[in-house]
Structure formats: structure tokens, C-alpha cells
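Listed below, chain by chain, are the residues.
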Amino acid sequence: AKMAGRNAVRFFNPQMQAEVSRRAEMDAGLWLALEREQFVLHYQPQVLADGRVVAVEALVRWQHPERGIVPPTEFIALAEENGLIVPLGRWVLEAACMQLARWASDPSRADIAIAVNVSARQFRHERFVDELADILERTGAPPSRLEIELTESSLLADVESVIARMDALKERGVRFSLDDFGTGYSSLAYLKRLPLDQLKIDKGFVRDILVDPNDAAIAKMVIVLAESLGLQVLAEGVETDAQRVFLAGQGCDAYQGYLFSRPLPLEALEAYLGMRRLR
Ligand code: C2E
Ligand code: CA
Ligand code: CA
Ligand code: CA
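Residues numbered from 1 in each chain as written. Chains lettered and ligands numbered in written order. Predicted model: local features only at pLDDT ≥ 70, side-chain atom pairs only at ≥ 80, totals over all residues. Heavy atoms only, no water.

### Considerations on the coordination of the calcium ion (ligand 2)
Then comes step 1: The calcium ion (ligand 2) binds to the protein through Glu 57 (OE), Asn 117 (OD1), Glu 149 (OE) and Asp 179 (OD); the donor distances cover 2.2 to 2.3 Å.
Then comes step 2: All donors to the calcium ion (ligand 2) come from one chain, and their sequence spacing reads E-x59-N-x31-E-x29-D.
Then comes step 3: In this model, the calcium ion (ligand 2) sits 4.2 Å from the calcium ion (ligand 3), the two metals being bridged by Asp 179. One end of the pair, Asn 117, is in strand E4 (residues 113-117); the other, Asp 179, is in strand E6 (residues 175-181), with 62 residues separating them in the sequence.
Then comes step 4: A relative accessible area of 29% places Asn 117 in the partly exposed class. (Donors = N, O, S within 2.8 Å, 3.2 Å for Na, K, Ca; no water. Helix = DSSP H or I, 4+ residues; strand = E, 2+ residues; numbered from the N terminus. Buried < 20%, exposed > 50% of the residue type's maximum accessible area, 1.4 Å probe, protein only.)

### Quick notes on helix H2 (residues 14-35)
Then comes step 1: With 22 residues, H2 ought to run about 32 Å at 1.5 Å a step, and its terminal C-alpha atoms sit 32 Å apart, in line with that.
Then comes step 2: Taken together, the buried positions of H2 are occupied by Met 26, Gly 29, Leu 30 and Ala 33. Buried positions in H2, seen along its axis, are confined to an arc of 105 degrees and lie on one side of it. In this structure, H2 carries Val 20, Glu 25 and Glu 35 as exposed residues pointing more than 90 degrees from its buried face. (Expected span 1.5 Å × (residues − 1). Arc of directions from axis to C-beta.)

### Some details on the coordination of the calcium ion (ligand 4)
Then comes step 1: Looking at the metal site, the calcium ion (ligand 4) is ligated by Asp 212 (OD) and Asp 215 (OD), spaced 2.5 to 2.7 Å from it.
Then comes step 2: Judged by relative accessible area, which is 25%, Asp 212 ranks as partly exposed.
Then comes step 3: Judged by its relative accessible area of 10%, Asp 215 falls in the buried class.

### Quick look at the site of ligand 1
Then comes step 1: Around ligand 1, the surrounding shell holds 22 residues, and the nearest of these are Gln 44, Arg 61, Ser 119, Glu 239 and Tyr 258.
Then comes step 2: For ligand 1, an oxygen atom lies 3.1 Å from a polar atom in the side chain of Asn 117.
Then comes step 3: Against a free-state accessible area of 800 Å², the protein chains account for coverage of 84% of ligand 1.
Then comes step 4: At the level of secondary structure, the elements contributing two or more residues to the shell around ligand 1 comprise strand E2 (53-64), helix H4 (85-104) and E6.
Then comes step 5: By residue number, the principal contributor to the shell around ligand 1 is E2, which donates 4 residues.
Then comes step 6: Along the lines of polarity and charge, the residues of the shell around ligand 1 split into 9 nonpolar, 6 polar and 7 charged. (Near = heavy atom within 4 Å. Polar contact = N/O pair within 3.5 Å; in protein donor to acceptor, adjacent residues only side chain to side chain. Areas by Shrake-Rupley, 256 points an atom, 1.4 Å probe, with all protein chains shown as cover. Nonpolar A, V, L, I, M, F, W, Y, C, P; charged D, E, K, R; others polar.)

All we've got here are geometric facts, nothing functional implied.
So this is what it looks like as C-alpha cells:
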């Protein structure tokens, strides 16, 4: 009886109940949002050492009718849990490929790639490769301009099937980048087997890179590792020129962060790219 009493108290904890109903509301809201086309992509430039913008990362936002722009940190984890990430991720890939196809016919944009985040659950979906191949064909996007950002958690279990999927898409020209590198647990032996093109140094290591020797050591190690595996290396979350200079001194190839630009809606991105060409 004591146990039941304790459980009952926990169940009716008003704070918990508020959290449960907030999540239920969010859950339902997210599915409706996809149906009502309330998601939108913002794009953050990725910049080479010489200053050229060669790619942009597509970052999804929810344009909520009352709450305004809701950032993905507030809904991606829930979408991964409730399964929405599969159709939402498909929408993101389709929107990015449509944009790539538009840029492909514009000579001033023809060399720009789009990096798209793909969740573990989405990447492991049995139809993922077929659906992406279909999207590429339908939109006419050049596959070599599409880069898929995976995290270590997508790659951990079932290596053979992960490699088979990556190979099938690589044959079409799609590129792969390992996101948030350093925060997971991949072994180096494992990393060597994956057909990757790029490692991304997590912004958690970049933030304090000038003051925390541990973060600096990890960033250096990732750069050396990328070089020895023949991969490009990009640092994310670069906010100051001093951070960029430090990373450049270690041999980093590319940068992304507020130092260059925040993620931008399409029109603002077009203006940003136009300005940079004129400099
Ligand atoms: P991420 O893939 O690591 O993306 C980088 C995040 O860092 C973005 O947050 C970006 O706005 C932010 N950022 C960029 N530059 C800086 C900087 O200089 N300083 C700091 N402090 N932050 C910076 P955002 O847009 O809120 O996205 C958060 C996460 O949501 C992403 O992290 C990614 O894991 C996920 N996400 C976003 N879009 C998608 C998507 O279409 N599909 C999936 N599966 N996940 C997505
Ligand atoms: Ca990313
Ligand atoms: Ca990241
Ligand atoms: Ca630190």
C-alpha cells in the first residue's frame, strides 16, 4: 500500500502532469505541422580557408503560427522518439534537393553544396536509400552537391549494413560527413572502414579552444586524424577570428559559425552570397 501511495503521489505531481500534457500537445502539433507545411529550412554557410563559401548546412525550423520560429533543439529529439523524423527528414531532403536543382541552373550558384542532417532512425529506415535515390531523380539535384551529415550514433550498430547504405549512395556521388565528432565513442579502427568525406569538430570543443587545453588537444587530434585518413575537416561553432586563426594554424580546412553567419532564411542567404562575391 505504501508503494502504491508513493506512485500515486508521483503520478499526480502537477509539474509532471504539466510536462506530460505539454509533450502530448507538442507531439500532436508536430504531425500537424508537417501536414500544414509549417517547416522551413535555414542555411548556414560553410567557408573554406580562402574564404570561399562552398556549402551551406540546411537546418530545419518550425514556423509556429503563435510561437514564431521554433528551433530544432526543441523538437528533433521528440520527432526521433515518436517516429515523425522519418517523414520530416524526407521533407528536409526533398526541400534541400529542390534548392540544389534550382542552384544547379544558376551559374553563380552552380558550385554550392547543401549539407543535410540525417538522424540515426531515419538513416536506418529500410527505405532510406531507395527514397533518397528517388528524390534525387525527381528533383534533378546533382547528387555530388548533396552531403549527408551523420552522427556517430547512426553508425555504431550493424556496421555492414551502414557501410552498404553509404556505398550505395556514394556510387551516385553523394558525400558523407561525420557530425559532432569527438562526442561519441567510435573506435579509430571502425572509422577507417567508413566511406566518409569529412569530419566535423563539435562546437563543444571549439567554444573554449583558446582557454581549455583539453579542448585544444581534442581539436588538434581530430585535425591530424582527418588528415591521416584523407578526410576534409570542418570546425563548427566558430564565433571569433581568434578561434579561426588557431584552428587554421592546426591545418583545419573549413569553418562554420556565427563569425561568418548565423543560419539564414533563403533570401538572406542569397543576399549574403551575393555580397561575398562582390568583395
Ligand atoms: P548541428 O547539426 O550540430 O547543427 C549546428 C547547430 O549549431 C545549429 O543549431 C546552429 O544554428 C548552431 N550554430 C551554428 N554556428 C554556431 C556558433 O557559432 N555558435 C553556437 N553556439 N551555435 C552555432 P540549430 O539550428 O538549433 O540545430 C540544432 C540541432 O538540431 C542540429 O545540430 C542538428 O542536430 C539538429 N537538426 C537541425 N536540423 C535538422 C534536420 O533537418 N534533421 C535532423 N535530423 N536534425 C536536425
Ligand atoms: Ca549538423
Ligand atoms: Ca554539429
Ligand atoms: Ca571545455
